[in-house]
Every structure is written in C-alpha cells, then in structure tokens.
Amino acid sequence: MTRIPISGPSITQKEVDYVTDAVRNAWYENAGMYYDRFEKAFAAYVGMHYAVTLPSCTSGIHLSLAALGIGAGDEVIVPDVTWIASAAPVSYVGAIPVFADIDPETWCISADSLQSCITRRTKAIIPVDLYGSIPEMDVIREIAEEHGLAVIEDAAEAIGSEYHGKRAGSFGDTGTFSFHGSKTLTTGEGGMLVTDDEAILNRVLVLRDHGREPGDTMFFNREIGFKYKMSSMQAALGLAQLERIDELIARKRWIFQRYREELGETSGITLNAEPPGIRNTYWMVTVILDPKYGIRKEDLIKHLRTCNIDSRPFFHPLSSIPAYAGLEQALDARKRNVVSYRISPYGVNLPSGLNLTEEQIVYVCDCVKSHLH
Ligand SMILES: Cc1ncc(COP(=O)(O)O)c(C=O)c1O
C-alpha cells in the first residue's frame, strides 16, 4: 500500500488549462488579467470589498499589522494554539505576542481568556479559525470595539467556513488566507488579504510593493516597504480552484463525515466540533484522545507511521516551544492556558487530502482504533 499523505489538493484539467493560459498569455498588456479576476471573485466569495493576492498568509498578517501601524511596545493577542505564522509577524513589526487560551470545544481563541489578556498596551487581536473552525466572533468583535482594538482574522485554514451565515475571513479589519499546497484551495504557495477598509487597502498596496504608490511608473519609492506579490500563474491556479470551491468544500465535509461515521462512536475520541450556527470546512480532521488511554500524540503519530499513514501533531502551545523560550509573556501563558496544555498533548491531525479515498479513510480509522484497544 502506498503511503497515505496528510494533505494535498484536487487538481483537474481546469487548473491545468488556466495555468497554461497564464503562462502563454498573462504578459505585456495582459499581465494583470488573472490577478484581477482572482481578487474580485475572491472578495465576492468571502463577502468583503477588496482582496489582494500575496505570496503567503504570513505576509498577509505582516502587512495587516504594518498597515494598522502596530509596532514596538504594542501587544497583540493571539491564541496559544496555532501555527507559528499567526504570531511570528507580531515580532516582525517589533510588537509583543500575548498568548490567550483556547476554547475546549472549537479549539479557537477563548473570548474569556482573550478579555483577561487585555492591557493598556494591547492594540490588536488575531483570532485564528483553527482547522476550519471559527471562534465566538460576535463576542470577540464586541470586546475589540469596547477596547478600541484592531482585529486581524487568520482564516488561513478556513476558506468557506461560516459563522451565523458570514464567511470566514470577513470578521476583522483584515482577513488573511493561505493557499499553501496543503490547503483546501491551493496556488502551491500563496495567500490573500481581504478588507472592507479602503484606507487599509491603500496602505497594503504601497507596503507590499517596496513603498511604491499603485500605478507609479517612475519607480519613486516613498518609504521602505516589502515585496509581497503572487505570480500570475499562481493567480490563474487560484481562480480555477475558486471556481470549484463548492466542490472542494463538499469533499472536505464528506471526508469528515466518513471519519465521524468510523470514529464517532469510539469512546474517548473527540473530533472537530461544529457548534450550532457554525459551518466547519474541516481543513484537517483531528482527533483528541482521552488521556485515560495514556497515548500521547507522539505515540499515535509513530504508530500511524508504521501503518504507512502520515499524520501531524495538534499544534503545540506557542508558549511551550523553543522559539518563544525567551519571552516573558510565554511564561505567564504556560501557567494560565490550562485548556491549551490539556488538549494539545493528545491531539493528532489525520489524513485529510482532497484525493483521499473511502477505503483509505476506513483503513486510517482501523489503525487508530487498533492502537487504542
Ligand atoms: C493558522 C495558520 N496561519 C497562518 C498560516 C501561514 O500560511 P502561509 O504558509 O501561506 O504563510 C498557516 C499555514 O499553514 C496556518 O495554518
């Protein structure tokens, strides 16, 4: 049996055709044709006015912070459990990340913990739509308004997820997406920033092009900026994927449904949640094992490897990893964030690639169950 990968895209002739067309034609006067179409269609899909293609979601978070004027001495609250890309850009701009605990059901930032992390120096919150789930956005937005905080929604993993009918990425001053090869919609590497705020859009457009005003043909840089752009071949791939987004999400939801049928009745296994009012697009099917089994995530990952199955650890609390060892805030978070530290050691992401077959899902579930018993 060939190895079952953790994730991967669905690529059809449509993607091949669009990219081929971009390679042939998206030059000279047509250089922008795929960016325009992809950005407009993406903004409409998410329900925001503007979208900007980028090389990654990390760059989207960096640009958001920079465009909002966040810098040295400011504090930005991020969930303790997320990929480091949610938090690293806070350090890029010289600000300090403060790690809030997660909610035991959605695994996203806990609104209560977030509230307790606010200080005079807090300038922004980066809620993360973890594995396709969405945190309590109504409460988070209320807290942000009350304290005058900016919200940067990290929707890297959640394209198409919904919270009370509104799509992931549409809850903040900016929303950011990843199109890395593991994501539901991929451009190989890539990302998008969305916003409703024209002033933020204009700031982002200058900052992402070495401090050049859009349309500046004199190459007259007004400030030191960054170079954060996507290629038109990637934009063509993204557009083709976006035109298939309902199909891609339906497949993700089918994959989760099949896992739930196989594992849902097993005692001591918790799967991704979909609380009332939320539509989860299940980027990564995830199991949390009851500690009663005495099986930590490393053990299950090792076992699955012997079955020729790739899996991944539930993100480690950022406050626990060497990258933040020197940060005073991390020490506080280690004491405070009991849910993060309770769940993370027992969580494993299972294969969730778009080409996963029913037979493979059943095999993965059998391997998980056999390890438990
Ligand atoms: C929650 C989260 N935020 C941000 C990112 C960063 O995305 P990118 O790799 O496109 O920079 C990822 C990527 O995996 C992610 O999972």
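For the structure, check the block above.
Everything numeric in this text was worked out from a predicted model, so none of it was measured. (Residues numbered from 1 in each chain as written. Predicted model: local features only at pLDDT ≥ 70, side-chain atom pairs only at ≥ 80, totals over all residues. Heavy atoms only, no water.)

Participant: How would you explain the site of the ligand if you had to name every residue and give the values?
Facilitator: What surrounds the ligand is a group of 14 residues, the closest being Thr 58, Asp 154, Glu 157, Ser 178 and Lys 183. The side chain of Asp 154 places a nitrogen or oxygen atom 2.6 Å from a nitrogen atom of the ligand. At a separation of 2.5 Å, an oxygen atom of the ligand approaches a polar side-chain atom of Glu 157. Against a free-state accessible area of 390 Å², the protein chains account for coverage of 90% of the ligand. Considered class by class, the residues forming the shell around the ligand number five nonpolar, six polar and three charged. (Near = heavy atom within 4 Å. Polar contact = N/O pair within 3.5 Å; in protein donor to acceptor, adjacent residues only side chain to side chain. Areas by Shrake-Rupley, 256 points an atom, 1.4 Å probe, with all protein chains shown as cover. Nonpolar A, V, L, I, M, F, W, Y, C, P; charged D, E, K, R; others polar.)

Participant: Which residues make up a negative patch on the surface, and what values go with them?
Facilitator: On the surface, a cluster of negative charge is contributed by Asp 112, Glu 136, Asp 138, Glu 142, Glu 145 and Glu 146. Broken down by element, the residue count for the negative patch peaks at four residues, all from helix 6 (residues 137–147). In this fold, Glu 146 is placed in helix 6. Overall, the relative accessible area of 60% leaves Glu 146 in the exposed class. (Patch = residues over 30% accessible without salt bridge, like charges linked within 9 Å, V, L, I, M, F, W, Y side chains within 5 Å. Salt bridge = Lys/Arg side-chain N within 4 Å of Asp/Glu carboxyl O. Lys, Arg positive; Asp, Glu negative; His and termini not counted. Charge placed at Lys NZ, Arg CZ, Asp CG, Glu CD. Helix = DSSP H or I, 4+ residues; strand = E, 2+ residues; numbered from the N terminus. Buried < 20%, exposed > 50% of the residue type's maximum accessible area, 1.4 Å probe, protein only.)

Participant: An account of the nonpolar core is requested, with residue identities and associated values reported.
Facilitator: In terms of nonpolar packing, the biggest core is built from 49 residues, with Phe 38, Phe 42 and Phe 177 touching the most fellow members. Mapped onto this core, the elements with two or more residues apiece are helix 1 (13–25), helix 2 (33–46), strand 3 (96–100), helix 5 (111–116), helix 6, strand 9 (191–195), helix 8 (232–243) and helix 9 (245–263). The biggest single contributor to this core is helix 2, with six residues. Counting 42 residues, the second-largest nonpolar core is a separate cluster that includes Phe 256, Leu 263, Ile 295 and Phe 315. (Core = buried A, V, L, I, M, F, W, Y, C linked by side-chain atoms within 4.5 Å.)

Participant: Provide a residue-level description of helix 13 (residues 358–372), including the pertinent values.
Facilitator: Taking 1.5 Å per residue, 15 residues should reach 21 Å; helix 13 reaches 21 Å between its end C-alpha atoms and fits that length. Within helix 13, burial applies to Gln 360, Ile 361, Val 364, Cys 365, Cys 367, Val 368 and Leu 372. What you see down the axis of helix 13 is that its buried residues fit within an arc of 155°, all on one side. (Expected span 1.5 Å × (residues − 1). Arc of directions from axis to C-beta.)

Participant: Describe the pairing of strand 9, listing the residues and the values that go with them.
Facilitator: Judged by how many residues are buried, strand 9 sits mostly within the fold: five of five residues are covered. A two-sided burial pattern is seen for strand 9, the buried positions comprising Gly 191, Leu 193 and Thr 195 on one face and Met 192 and Val 194 on the other.

Participant: Explain the sheet that holds strand 12 (residues 286–289) to me, and be specific about the residues and the numbers.
Facilitator: The strand order 10-12-14-13 describes an open sheet built from four strands, whose pairing is antiparallel. A single partner strand is all that each edge strand has here, and the edge strands are strand 10 (269–271) and strand 13 (312–313). Sheet analysis places strand 13 next to strand 14 (residues 347–349), joined by two bridges and oriented antiparallel. Bridge pairing in strand 14 links Arg 312 to Asn 349. The sheet contacts of helix 9 involve strand 10 and strand 12, and relative to strand 10 the element is tilted by about 165°. (Pairing = 2+ DSSP bridges. Contact = heavy atoms within 4.5 Å. Axes fitted to C-alpha atoms, helices over the stretch in contact; angles between N-to-C directions.)

Participant: Outline the packing of aromatic side chains, supporting the account with residue identities and numerical values.
Facilitator: Evaluated as defined, the whole model comprises 15 aromatic pairs. Aromatic pair Phe 42 and Phe 179: ring centres 5.5 Å apart, planes at 70°, arrangement edge-to-face. With a gap of 137 residues between them, Phe 42 in helix 2 and Phe 179 in the loop between strand 8 (174–178) and strand 9 connect regions that are remote in the sequence. Taken individually, Phe 42 and Phe 179 each receive the classification buried, so the pair is uniform in this respect. Site record: aromatic cluster; members linked through ring pairs are Trp 83, Trp 107, Tyr 131, Trp 283, Phe 314 and Phe 315. Seen from the ring of Phe 171, Lys 166 lies directly overhead, with NZ or CZ sitting 5.2 Å from the centre. For Arg 167, the ring lying beneath its charged end belongs to Tyr 45, and the centroid distance is 3.9 Å. (Phe/Tyr/Trp six-rings, centres within 6.5 Å; stacked < 30°, edge-to-face > 60°. Lys NZ or Arg CZ within 6 Å of the ring centre and 35° of its normal.)

By themselves, these figures tell us nothing about what the structure is for.
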